[in-house]
Amino acid sequence: MGHDPDNFIAGLVEGLEPVRPMRQREGVGLTLLAMLVGIAGMVLGFGMRADLAALRPDAMFLLSSGLFLVLALASAWAALDMARPFVGGHREGWGWTALMAAVLPLAALVEWAADWMGGSPAIPDGDGWHCMAYGLGWGLVTALALVLWLRRGAPSRPQSAGMLAGVAAGSAGIFAVTLYCPHNDLLHIGFWHGLSVVLAGIAGRLIIPSLVRW
Amino acid sequence: MIADEATLARLAGLAQRGDKQAYAALLGAARSWLLRFYRRRVLPAQIEDLVQDTLLSVHRKLASYDPLRPFTPWLAAIARYRFVDHLRQVYRAEEQSLDHDLPVDSEEEAIAARVSLERLFAALPEAQSRAIELVKIEGRSIAEASQSTGQSESLVKVNIHRGLKRLAAMIERA
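This text gives an overview of the structure that appears in the document. Quick caveat: nothing in here was measured; it's all calculated off a predicted structure.

What counts as what
- Residues numbered from 1 in each chain as written.
- Chains lettered and ligands numbered in written order.
- Predicted model: local features only at pLDDT ≥ 70, side-chain atom pairs only at ≥ 80, totals over all residues.
- Helix = DSSP H or I, 4+ residues; strand = E, 2+ residues; numbered from the N terminus.
- Buried ≥ 20, exposed ≤ 12 C-beta atoms within 10 Å, placed from the backbone.
- Contact = placed C-beta atoms within 7 Å.
- Nonpolar A, V, L, I, M, F, W, Y, C, P; charged D, E, K, R; others polar.
- Axes fitted to C-alpha atoms, helices over the stretch in contact; angles between N-to-C directions.
- Parallel < 35°, antiparallel > 145°, perpendicular 65-115°, else oblique.
- Left-handed = near helix turned anticlockwise from the far one by under 90°.
- Core = buried A, V, L, I, M, F, W, Y, C linked by C-beta atoms within 7 Å.

1. Concerning the overall build of chain B
Item 1. In terms of regular secondary structure, chain B is built from 9 helices and 0 strands.
Item 2. If you list the helices and strands of chain B from N to C, you get α-α-α-α-α-α-α-α-α.
Item 3. Burial statistics for chain B: of 174 residues in total, 37% are counted as buried.
Item 4. Taking the intrachain contacts of chain B between residues at least 6 apart in sequence as the baseline, contacts between residues at least 24 apart amount to 67%.

Right, here's the structure in full:
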């Protein structure tokens, strides 16, 4: 570095190639496609829960899967937008959605605590880790799409972008799992499904920054 | 910056489409803006390097500029990112003074104040800001910074670490 400023600028100008500005809608399209791949993989590979296949879905399923889907969309939107840096940008909206989704594990905790005080604490089913593992696995497709988008852009806060991409991927993955998972109990959904999103967020925060730093 | 926001946004849009003349004008304006942006927080001998480093990032990441948004906040985010990156690099510079007296054009005062590095530093606790200033900007040793601030050497290191972390988290804050 430290070249003559005029020569330096002339060199950059000489090397200019037309670029397509990154549009948020393209990132959204890419992410939705990745989510659809995850959903298709889960449903085609493992089948669909019976009540959904019969078009008579349980209310708890509708509520929990809806929350995870909205969280996936809101956090993916924020992560995608972080590829285009901007001083004064506000991307805190996803946090309210995360708080809303956090009601599920919190409600599960309250239910567990109430049972515990009643002397018969329920414990989360041991097979729930399957849901968590599938959620994390299928979430990788969404994570890949978001990482590709962020690498193309210039995220000025790679750790936040990584965490958001992780939460989006985890929520998208667990949404795909809810279409298969037959459980309707709060403890299973709050613990295992919620844990999947939390772990994905932590993994995103730890792993993705090194992939998108520029 | 000499050109106004609308002109800069137009130049950046043209540059994205491959217009070299517009790009040269844009980079020239960006360079002038960056020189003033960094001058209070970077030693004079290092400013040119940092400006060129930032312009290189502008060149590589031109697609991340949204022509529907103002140009300066985008450039400022890139400049802040490169600045924090620059602070992370350990170096000890020769003793040089920082220029605190250069005037700011009145027409751009508002936007400059909004995106300035001063504003970023103002959001740091005094102890962290002082430790970063002494060690990372003025190039003093940890022992000298410790003596100057009255903080223990380990506290100076902790304050630098926490301060840089906080600066990185605030890059897009207006």
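2. Here we look at helix α7 (residues 126-137) of chain B
All names here are of chain B.
Item 1. What α7 keeps buried is the set Gln128, Ala131, Ile132, Leu134, Val135 and Lys136.
Item 2. Residues of α7 that are buried sit in contact with α4 (71-88), α8 (142-149) and α9 (153-169).
Item 3. Following α7 by one or two positions, Gly139 has its phi on the positive side, about 80°.

3. Comments concerning the interface of chain A and chain B
Item 1. Between chain A and chain B, the contact holds 28 residues from the first and 38 residues from the second.
Item 2. Of the residues forming the side of chain A that touches chain B, the biggest block, 5 residues, is contributed by helix α1 (residues 5-14) of chain A.
Item 3. Here the residues of the side of chain A that touches chain B are counted per class, giving 17 nonpolar, 6 polar and 5 charged.

4. Looking at the environment of Asp125 of chain A
Item 1. With respect to the helices and strands, Asp125 of chain A occurs in the loop between α6 (103-117) and α7 (128-152).
Item 2. When the C-alpha positions of Asp125 of chain A and Val87 of chain A are compared, they lie 46 Å apart, and in sequence the two are 38 residues distant.

5. Quick notes on the packing of α1 of chain A against helix α2 (residues 20-38) of chain B
Item 1. The N-to-C vectors of α1 of chain A and α2 of chain B enclose an angle of 140°; their axes lie 9 Å apart at closest approach. If you check the angle between α1 of chain A and α2 of chain B, you find them oblique. Both α1 of chain A and α2 of chain B take part in a crossing whose hand is right-handed. In contact with Pro5, Ile9, Leu12 and Val13 of chain A of α1 of chain A, α2 of chain B contributes Lys20, Tyr23, Ala24, Leu27, Gly28 and Arg31 of chain B.
Item 2. When grouped by side-chain class, the residues that make up the contact of α1 of chain A with α2 of chain B number 7 nonpolar, 1 polar and 2 charged.

6. Structural notes on the environment of Arg166 of chain B
Residue and element names in this part refer to chain B.
Item 1. With respect to the helices and strands, the residue Arg166 is situated in helix α9.
Item 2. On the basis of neighbour counts, which here come to 17 C-beta atoms within 10 Å, the residue Arg166 falls in the partly exposed class.
Item 3. Sequence-distant contacts of Arg166, defined by excluding residues within four places in its chain, comprise Leu124 and Gln128.

7. Considering the nonpolar core
Item 1. Counting 105 residues, the largest nonpolar core has Ala79, Leu146, Leu164, Ala165 and Ala168 of chain A as its most contacted members.
Item 2. Beyond its immediate sequence surroundings of up to four residues, Ala168 of chain A is in contact with Ala72, Ser75, Ala76, Ala79, Thr142 and Leu146 of chain A.

8. A short note on the packing of α8 of chain B against α9 of chain B
Residue and element names in this part refer to chain B.
Item 1. The contact between α8 and α9 brings their axes to 8 Å, and the two run at 100°. As far as their axial angle goes, α9 and α8 are roughly perpendicular. Together, Ile142, Ala143, Ala145, Ser146 and Thr149 of α8 and Glu153, Val156 and Lys157 of α9 make up the contact between the two elements.

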